[in-house]
Amino acid sequence: MKIRFALAFLLGSLAAQAQAPAKFFVKVALGPAMPAAELTGNAEDVRTAAYAKTGTYLGLTVGREFTRWFGVSASVFGWTNPVNNQKLTELTQANYTDAFNQVLANFPNRPANLPPLPAVTWAADAEAWRFLGAYVSPFVVGRLGERFAVEGRLNAGFVNAAYPAITATGVGTNFQASVLTNRLRGNGFLYGGGLGLRFRVQDGFHLVANLDALRAQPQFPASTVEARGSWVIPLNGQNVTIPLLLDQPRTAFSQTVGTLAATAGVGIFF
């Protein structure tokens, strides 16, 4: 009888432990944010902000495990992706010298002896892509002994994306030009998934590592690309300044954005 009672008590204790809610936790992690989607560049789409580079991701997560195998967390995040200014310069060089020549060809009252534009050297600079947002993640947990655990999660939330402001200047013999676009902000639904690994160092203190794939398609408002130039040339014995205006309206558009973030940090379970 005593043996049966002891076995029943042991099994009951194990079952209760397996089903008992786990502790709340807070995790913070930092790491590289590798660009995804059109951020990496698309030759067919001039709205790429010309090829983003790997930036930085910072996330703060709070959550709870309702059982030993399942929980829900909420995260807030921010990440950036700098723009590859060399490729942006190449894109500007390819597009805007020809565009200014086209404006010159259609210039009102164009003098018959007007020469073509001189060679123009462009230099472009852009601010980084910037993202802020939050998502909720149901997740499952797999235990690997006493100290290790693996998480698999689905992420759903929203993102506010800041499209880069771009400044480009073009210089040639007696010619100068500029191309300016303002920073645009758009919101969109965010989705993705992730994996997490945690190692319990002592008591409730853990080291954590994460790999998260996030994707969204925010909507950006209409804007204007300001492109202006001036050219000083000698005509009929005097210097004449020819202004070239190439402002281009840009309709509202959506842009697919995303990142693959590999982060590491700490977690407190209490």
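Residues numbered from 1 in each chain as written. Predicted model: local features only at pLDDT ≥ 70, side-chain atom pairs only at ≥ 80, totals over all residues. Heavy atoms only, no water.

(A) View of the overall build of the chain. Across its full length, the chain holds 2 helices and 16 strands. In the chain, buried positions account for 40% of the 270 residues. A separation threshold of at least 6 residues defines the contact pool for the chain, and within that pool the share at least 24 residues apart is 76%. As displayed, the chain offers around 14,500 Å² of accessible surface, 62% of which is attributable to carbon and sulfur atoms. (Helix = DSSP H or I, 4+ residues; strand = E, 2+ residues; numbered from the N terminus. Buried < 20%, exposed > 50% of the residue type's maximum accessible area, 1.4 Å probe, protein only. Contact = heavy atoms within 4.5 Å. Areas by Shrake-Rupley, 256 points an atom, 1.4 Å probe, with all protein chains shown as cover.)

(B) Spotlight on the side chain of Asn210. Locating Asn210 in the fold gives a position in strand 10 (residues 205-216). Within the structure, the side chain of Asn210 is placed 3.0 Å from the side chain of Arg153, a separation counted as a polar contact. Once residues lying within four places of it in the same chain are set aside, the contact partners of Asn210 are Ala29, Arg153, Leu195, Gly196, Ala261, Ala262 and Thr263. (Polar contact = N/O pair within 3.5 Å; in protein donor to acceptor, adjacent residues only side chain to side chain.)

(C) Inspection of the pattern of salt bridges at higher detail. Per the counting criterion, the structure on display carries 8 salt bridges. Measuring nitrogen to oxygen at the nearest pair gives 2.8 Å for the salt bridge that ties Arg143 to Glu65. In this pair, Arg143 sits in strand 5 (residues 129-144) while Glu65 sits in strand 2 (residues 55-65), placing the two residues 78 residues apart along the sequence. Taking relative accessible area as the criterion, Arg143 reaches 31% and is therefore assigned partly exposed. Note that Asp212 and Arg153 form a salt bridge whose closest N and O atoms lie 3.1 Å from each other. (Salt bridge = Lys/Arg side-chain N within 4 Å of Asp/Glu carboxyl O.)

(D) Representation of the nonpolar core within the structure. Tyr96 and Phe100 are the most contacted members of the largest nonpolar core, which has 45 residues in total. Setting aside its immediate chain neighbours within four residues, Tyr96 contacts Trp122, Val179, Val225, Ala227, Leu246 and Gln248. Counting 5 residues, the second largest nonpolar core, distinct from the first, contains Phe25, Val141, Ala149 and Phe269. (Core = buried A, V, L, I, M, F, W, Y, C linked by side-chain atoms within 4.5 Å.)

(E) Here's a closer look at helix 2 (residues 85-105). Taking 1.5 Å per residue, 21 residues should reach 30 Å; helix 2 reaches 30 Å between its end C-alpha atoms and fits that length. Of all the bends found along helix 2, the most pronounced is centred on Gln93 and spans about 25°. Buried residues of helix 2: Leu88, Thr89, Thr92, Tyr96, Thr97, Ala99, Phe100, Val103 and Leu104, and no others. Taken together, the buried residues of helix 2 touch strand 4 (121-126), strand 7 (166-172), strand 8 (175-181), strand 12 (223-235), strand 13 (238-245) and strand 14 (248-250). Among the residues of helix 2, the N-terminal cap falls to Asn84, whose side-chain oxygen and the backbone nitrogen of Gln86 are separated by 3.1 Å. (Expected span 1.5 Å × (residues − 1). Bend = angle between axes of the 7 residues up to and from the residue.)

(F) Representation of the packing of aromatic side chains within the structure. In total, this model carries 18 aromatic pairs according to the counting rule given. Aromatic pair Trp129 and Phe220: ring centres 6.5 Å apart, planes at 65°, arrangement edge-to-face. Of the two residues, Trp129 sits in strand 5 while Phe220 sits in strand 11 (residues 219-220), which places them 91 residues apart along the sequence. Between the aromatic rings of Phe148 and Phe199, the centroid separation amounts to 4.8 Å while the plane-to-plane angle is 45°, which identifies the pairing as tilted. Taken together, the residues span a long stretch of sequence, with Phe148 in strand 6 (residues 148-163) and Phe199 in strand 9 (residues 184-202) at a distance of 51 residues. The class of Phe199 is partly exposed, set by a relative accessible area of 27%. (Phe/Tyr/Trp six-rings, centres within 6.5 Å; stacked < 30°, edge-to-face > 60°.)

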